Amino acid sequence: MRLDKFLKVSRIIKRRTVAKEFADNGRATVNDRVAKSSTDVSVGDVLEMHFGERTMKVRILNIKETTKKSDSEEMFEEID
């Protein structure tokens, strides 16, 4: 699955266009490599995102094409 779609489906970022701009500006890394919006992500990848002064690091647990809001938290786990 593309990085921008994963960010939207997992509800880390609300809109796919915002997720695309976010990734294309070099603010996301997948497995310690700078990622573009078209980067493929898979189960087990570590995703690090820089939101201004805050950094969020998550491990991808599950990939779904669509999900309900209540199920979106099962797609990733936040790590230190």
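Thresholds applied
- Residues numbered from 1 in each chain as written.
- Predicted model: local features only at pLDDT ≥ 70, side-chain atom pairs only at ≥ 80, totals over all residues.
- Heavy atoms only, no water.
- Buried < 20%, exposed > 50% of the residue type's maximum accessible area, 1.4 Å probe, protein only.
- Helix = DSSP H or I, 4+ residues; strand = E, 2+ residues; numbered from the N terminus.
- Arc of directions from axis to C-beta.
- Contact = heavy atoms within 4.5 Å.
- Lys, Arg positive; Asp, Glu negative; His and termini not counted.
- Salt bridge = Lys/Arg side-chain N within 4 Å of Asp/Glu carboxyl O.
- Polar contact = N/O pair within 3.5 Å; in protein donor to acceptor, adjacent residues only side chain to side chain.

A closer look at helix H2 (residues 16-24)
Here is step 1 of the chain: For H2, every residue scored as buried is listed here: Ala19, Phe22 and Ala23. For H2, the buried positions fall inside an angular range of 90 degrees around the axis, keeping them on one side. Summarising the geometry of H2, the exposed residues directed more than 90 degrees from the buried face are Thr17 and Glu21.
Here is step 2 of the chain: Where H2 is buried, its residues touch helix H1 (3-9), strand S1 (28-30) and strand S3 (46-51).

Remarks on the side chain of Asp45
Here is step 1 of the chain: Positionally, Asp45 belongs in the loop between strand S2 (33-34) and S3.
Here is step 2 of the chain: Buried and without a salt bridge, Asp45 has Arg59 as its closest oppositely charged side chain, separated by 8.9 Å.
Here is step 3 of the chain: Separated by 3.0 Å, the side chains of Asp45 and Asn31 make a polar contact.
Here is step 4 of the chain: In this structure the side chain of Asp45 is engaged in a polar contact, spanning 2.9 Å, whose partner is the backbone nitrogen of Ser42.

These figures capture arrangement, not role.
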